[in-house]
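Letter by letter, the chains look like this.
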Amino acid sequence: MYVCLCHGVSDKKIKQLALEEGICDVRGIKQCTALGSQCGKCIKQTKEILNETVPIL
Ligand code: FES
């Protein structure tokens, strides 16, 4: 499923970056994919996916 339609970034890609590259915040995901740099509608969902993928202990 696409999270960021403007830049074609999927939830799978976000999870992959978090788990394999250790990129656990929206800023890091933005730097890698340009997610959120256009309309910004995807930011909230990206935060939720990161929280589910990398829960804060
Ligand atoms: Fe991500 Fe528009 S949906 S910037």
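That block above? That's the structure.
Residues numbered from 1 in each chain as written. Predicted model: local features only at pLDDT ≥ 70, side-chain atom pairs only at ≥ 80, totals over all residues. Heavy atoms only, no water.

1. As for the overall build of the protein chain
Right, on to step 1. Each helix and strand counted, the protein chain has 3 helices and 2 strands in total.
Right, on to step 2. Secondary structure elements of the protein chain, listed N to C terminal, follow the sequence β-β-α-α-α.
Right, on to step 3. At 10 Å, the protein chain has a C-alpha radius of gyration in line with the 10 Å of a compact globule built from 57 residues.
Right, on to step 4. Each of the three principal axes of the protein chain carries a C-alpha extent, and together these read 30 × 20 × 20 Å.
Right, on to step 5. The burial tally for the protein chain puts 37% of its 57 residues in the buried class.
Right, on to step 6. Looking at the protein chain alone, contacts between residues at least 24 apart form 52% of all its contacts between residues at least 6 apart. (Helix = DSSP H or I, 4+ residues; strand = E, 2+ residues; numbered from the N terminus. Rg over C-alpha atoms; globule rule 2.2 N^0.38 Å. Buried < 20%, exposed > 50% of the residue type's maximum accessible area, 1.4 Å probe, protein only. Contact = heavy atoms within 4.5 Å.)

2. A look at unusual backbone geometry
Right, on to step 1. Unlike most non-glycine residues, alanine 34 shows phi in positive territory, near 75°.
Right, on to step 2. Within the secondary structure, alanine 34 sits in the loop between helix H2 (26-33) and helix H3 (43-53).
Right, on to step 3. Relative accessible area serves as the criterion here: at 29%, alanine 34 is assigned to the partly exposed category.

3. A short note on the environment of lysine 47
Right, on to step 1. With respect to the element layout, lysine 47 can be found in helix H3.
Right, on to step 2. Residues lysine 47 and isoleucine 14, 33 residues apart in the sequence, show an inter-C-alpha distance of 10.0 Å.

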